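Here's the letter readout for the chains.
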Amino acid sequence: MKYFIRSVKSFIWFVIIFAIILTILIMITPEYSFGRLFDPEGGMFVEGAAWKITAFFLLVAAIYPALTYVRKEVLVDGTFDDHRDKILGVFESMGYELTGEDSEKASFRLKSRFTRFMRMYEDGVTITKGESPLILEGARKDILRISSRIMVATARQDDNDNGYENS
């Protein structure tokens, strides 16, 4: 069901962007108007183009969520609870807030309402707790950034315990 909702949101977003682009084109091109967009004689689109454009947007919207929402394993030494403060710090530094937590998962959302709106409110990231690997779920670009930051943060040792003796 979540996949279907993401597809519908993507379709709506594509239609909105297409409408904005058409509006800009009509405003800067004097020979076109909204009434003549699909006019057979001198219109911007040929007859039957509306159905082809709609079919194209539906196809892309059906595939888009599969390409942009992922699950990724993050290898850490120990468990989530061993690195809880560091992991929460990574999310905090990236503008996320903890929205829910139970014994198995922790859920995060972006703090910025504008960014959430621009992402169609599909900004949630979920991390499974327990032993390594931790599993992150969410938007691909965010998951890749967060996972790399978690690996770096959990791999760092305390400054006093850097493996070198003080001289």
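Everything that follows concerns the structure shown earlier in this document.
Residues numbered from 1 in each chain as written. Predicted model: local features only at pLDDT ≥ 70, side-chain atom pairs only at ≥ 80, totals over all residues. Heavy atoms only, no water.

Chemist: Mind showing me how you'd approach the packing of aromatic side chains here?
Modeler: Aromatic ring pairs are described here by two measures, namely the spacing of the ring centres and the angle between the planes. Scanning the model with the defined rule gives seven aromatic pairs in all. Ring geometry for phenylalanine 91 and tyrosine 96: centres 5.9 Å apart, planes at 85°, overall edge-to-face. A residue is classified by how much of its surface remains accessible, and phenylalanine 91, at 0% relative accessible area, is buried. A relative accessible area of 2% means that tyrosine 96 is categorised as buried. Through a chain of ring-to-ring contacts, three or more aromatic side chains come together here, namely Phe14, Phe18, Phe56, Phe57 and Tyr64. If you follow arginine 6 out to its NZ or CZ, it ends over the ring of tyrosine 69, 3.9 Å from the centre. (Phe/Tyr/Trp six-rings, centres within 6.5 Å; stacked < 30°, edge-to-face > 60°. Buried < 20%, exposed > 50% of the residue type's maximum accessible area, 1.4 Å probe, protein only. Lys NZ or Arg CZ within 6 Å of the ring centre and 35° of its normal.)

Chemist: Whenever I open this one, the packing of helix α3 (residues 84-93) against helix α5 (residues 140-155) confuses me. Can you help?
Modeler: In the contact formed by α3 and α5, the axes pass within 9 Å of each other and the chain directions differ by 140°. By the angle class used here, α3 and α5 are oblique. For the pair α3 and α5, the crossing hand works out as right-handed. Between α3 and α5, the contacting residues are Lys86, Ile87, Val90, Phe91 and Ser93 on the first element and Ile146, Arg149, Ile150, Ala153 and Thr154 on the second. (Axes fitted to C-alpha atoms, helices over the stretch in contact; angles between N-to-C directions. Helix = DSSP H or I, 4+ residues; strand = E, 2+ residues; numbered from the N terminus. Parallel < 35°, antiparallel > 145°, perpendicular 65-115°, else oblique. Left-handed = near helix turned anticlockwise from the far one by under 90°. Contact = heavy atoms within 4.5 Å.)

Chemist: Help me understand the sheet that holds strand β4 (residues 125-128), please; the structure alone is not making it clear to me.
Modeler: Adjacent strands of a sheet form backbone hydrogen bonds with each other and so pair up, either parallel or antiparallel. Here we have five strands laid out as an open sheet, ordered β1-β5-β4-β3-β2, and antiparallel in their pairing. If you trace the sheet from one side to the other, it starts and ends with β1 (69-74) and β2 (96-101), each paired once. For this sheet the average axis-to-axis angle between neighbouring strands, irrespective of direction, equals 20°. As judged from the two bridges shared by β4 and strand β5 (residues 134-139), these two strands associate in the antiparallel manner. Bridging from a neighbouring strand, threonine 126 pairs with glutamate 137 of β5. The sheet contacts of α3 involve β2, β3 (105-110), β4 and β5, and relative to β2 the element is tilted by about 130°. (Pairing = 2+ DSSP bridges.)

Chemist: In this structure, what is going on with the side chain of aspartate 142? I would like to understand it.
Modeler: Position of aspartate 142 among the secondary structure elements: in helix α5. Among the residues examined, aspartate 142 registers a relative accessible area of 4% and is labelled buried. In this structure the side chain of aspartate 142 is engaged in a polar contact, spanning 3.0 Å, whose partner is the side chain of tyrosine 96. Sequence-distant contacts of aspartate 142, that is, excluding residues within four places in its chain, are made with Tyr96 and Arg119. (Polar contact = N/O pair within 3.5 Å; in protein donor to acceptor, adjacent residues only side chain to side chain.)

Chemist: Can you help me understand the nonpolar core in this one?
Modeler: Nonpolar side chains in soluble globular proteins tend to end up buried together. In terms of nonpolar packing, the biggest core is built from 20 residues, with Phe91, Tyr96, Ile127, Leu136, Ile146 and Ile150 touching the most fellow members. Among the secondary structure elements, those contributing two or more residues to this core are β1, α3, β3, β4, β5 and α5. For this core, the leading source of residues is α5, giving four residues. When sequence neighbours within four positions are dropped, the list of residues in contact with isoleucine 146 reads Val90, Phe91, Met94, Tyr96, Val125 and Leu136. (Core = buried A, V, L, I, M, F, W, Y, C linked by side-chain atoms within 4.5 Å.)

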